[in-house]
Amino acid sequence: MDTATVHRVLLLPGSVLPAGPAYGALISALHARLGDAVQPVAKELEVYAGPTPPAGYSLETEVAGVVRAARELGWDTFHLVGYSGGGAASLAVAARHPELLLSLALLEPAWAGNWGWSAAHRALWEQYAELDGLPPEEFMARFVRLGVRPGVTAGLPVPGGEQPPWMALRPAGIRALLEAFSTYDLDRSALARFDRPVYFALGGLSNPDDYGEVADRLSGVFRRFRLEVFPDRHHFDPPHRVEPDRVAASLAALWDED
């Protein structure tokens, strides 16, 4: 088939599940919908490249990882999909290397720059800062509670019982990401110049002072921004895992935009 019709897609996961289980359902849904016309590749975050976060880790580390992965795949341009921490990294890629991206899909990015925060958003991030120093189990429990609406019961998307080995790396990785967000200068003006289509998936049960505000803020930055709300989903029960067919349809429509 004509390779020009193939949608080349890089997918960045969040800070909890590895890339494979994070995107397995969505990749299957994309292949079911588009067949050979899609080439999706789920890429691990660089923060988990080793047993501890890389020395000097920042969002530039993730940007470099995306550029390197695309080069290794032989891709000059591609579609970028990012969830949570991977969504924050995707925003950094869009600001630093817009020439690489055909579109940008944001699945509740964990952070979207240190400008334009409301008082409620700032208060929430003060609570995130208070997680530092907590023992791992308490850290993860409180981290989850901050991501959802008050009164919503949520847990980590991992089975009960003995935890997988990679789970032990998560508290340190999440701390490294939170620190990276606090020091990174995401260029708002560069995002405002980004002229490719942008899609944002938002869970109706996610914390509105976090992901709802991020969606609202970015809607005023990107030229071509489309929001889709999934009323029954939240950050730890996200649509790309629970409603993959619907997300696959939305992504296919995004990729067909001029």
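Structure: see above.
Residues numbered from 1 in each chain as written. Predicted model: local features only at pLDDT ≥ 70, side-chain atom pairs only at ≥ 80, totals over all residues. Heavy atoms only, no water.

(A) Spatial organisation of the pattern of salt bridges. Applying the stated criterion across every chain yields a total of nine salt bridges. Glu-257 is paired through a salt bridge with Arg-224; the nearest N and O atoms lie 3.4 Å apart. Remark: Arg-224 occurs in the loop between α8 (208–219) and β6 (225–230) and Glu-257 occurs in the segment after α10 (244–255); sequence separation between them is 33 residues. By relative accessible area, Glu-257 is classed as partly exposed at 33%. A salt bridge links Arg-233 to Glu-243, with the nearest nitrogen and oxygen atoms 2.9 Å apart. A residue pair is termed long-range when its members are at least 10 positions apart, and Arg-233 in the loop between β6 and α9 (239–242) and Glu-243 in the loop between α9 and α10 qualify at ten residues. One network of salt bridges, in which partners are shared, links Glu-228, Arg-233, Asp-237, Glu-243 and Arg-246. (Salt bridge = Lys/Arg side-chain N within 4 Å of Asp/Glu carboxyl O. Helix = DSSP H or I, 4+ residues; strand = E, 2+ residues; numbered from the N terminus. Buried < 20%, exposed > 50% of the residue type's maximum accessible area, 1.4 Å probe, protein only.)

(B) Structural view of helix α4 (residues 119–129). Restricting attention to buried positions, one finds in α4 the residues His-121, Leu-124, Trp-125 and Tyr-128. For α4, the angular spread of buried residues about the axis comes to 95 degrees, placing them on one side. In α4, the exposed positions that point more than 90 degrees away from the buried face belong to Ala-119, Glu-126 and Ala-129. Where the residues of α4 are buried, they touch α5 (136–146), α6 (170–183) and α8. (Arc of directions from axis to C-beta. Contact = heavy atoms within 4.5 Å.)

(C) Expanded view of the environment of Val-81. Note that Val-81 resides in strand β3 (residues 78–84). In contact with Val-81, not counting residues within four places along its chain, are Val-9, Leu-10, Leu-11, Leu-12, Tyr-23, Ser-90, Ala-105, Leu-107, Leu-251 and Trp-255.

(D) Expanded view of the pairing of β6. Sheet topology note: the strand β5 (residues 198–203)/β6 ladder contains six bridges and is parallel. Bridging across to β6, Phe-200 finds its partner in Leu-227. You can see the chain leave β5, run along α8 and come back into β6, and the turn it takes is right-handed. (Pairing = 2+ DSSP bridges. Right-handed = clockwise from strand over helix to strand, strands pointing away.)

(E) Summary view of the packing of aromatic side chains. Applying the stated criterion across every chain yields a total of eleven aromatic pairs. With a centroid separation of 6.3 Å and an interplanar angle of 75 degrees, the aromatic rings of Trp-111 and Tyr-184 are classed as edge-to-face. Residue Trp-111 is located in the loop between β4 (101–109) and α4, and its partner Tyr-184 is located in the loop between α6 and α7 (188–193); the two are separated by 73 residues in the primary sequence. Here Trp-111 and Tyr-184 have matching classes, each one buried. Ring geometry for Phe-139 and Phe-143: centres 6.4 Å apart, planes at 10 degrees, overall stacked. (Phe/Tyr/Trp six-rings, centres within 6.5 Å; stacked < 30°, edge-to-face > 60°.)

(F) Structural context of the packing of α4 against α8. Viewed as axis vectors pointing N to C, α4 and α8 meet at an angle of 135 degrees, and their least axial separation amounts to 10 Å. Between α4 and α8, the angle is such that the two are oblique. In the crossing of α4 with α8, the sense of the turn from one axis to the other is left-handed. In this structure, α4 uses Ala-120, His-121, Leu-124, Trp-125 and Tyr-128 to contact α8, whose residues at the interface are Asp-209, Asp-210, Tyr-211, Glu-213, Val-214 and Arg-217. Counted by class, the contact of α4 with α8 contains six nonpolar, one polar and four charged residues. (Axes fitted to C-alpha atoms, helices over the stretch in contact; angles between N-to-C directions. Parallel < 35°, antiparallel > 145°, perpendicular 65-115°, else oblique. Left-handed = near helix turned anticlockwise from the far one by under 90°. Nonpolar A, V, L, I, M, F, W, Y, C, P; charged D, E, K, R; others polar.)

(G) Local environment of the sheet that holds strand β2 (residues 38–42). With respect to topology, six strands assemble into an open sheet ordered β2-β1-β3-β4-β5-β6, the strand pairing being parallel. Single-partner strands in this sheet number two, and they are β2 and β6. Taken pair by pair, the neighbouring strands of this sheet meet at an average axis angle of 15 degrees, ignoring direction. Along the sheet, helix α2 (residues 59–73) contacts β1 (7–12), β2 and β3; its crossing angle with β1, the most-contacted strand, is approximately 145 degrees. Strand contacts of α10: β1, β2, β3, β4, β5 and β6, with the helix running at about 170 degrees to β6, the strand carrying the most contacts.

(H) Summary view of the pairing of β2. Bridge count for β1 against β2 is five bridges, and the pairing is parallel. Residue pairing in the sheet places Arg-8 in a bridge with Gln-39 of β2. Once the chain exits β1 it traverses helix α1 (residues 19–34) before rejoining the sheet at β2, and the crossover so formed is right-handed.

(I) Quick look at the side chain of Arg-170. Tracing the backbone through its elements, the reader meets Arg-170 in helix α6. Setting aside residues up to four positions removed in sequence, Arg-170 forms contacts with Ser-15, Val-16, Leu-17, Pro-18, Tyr-48 and Met-140.

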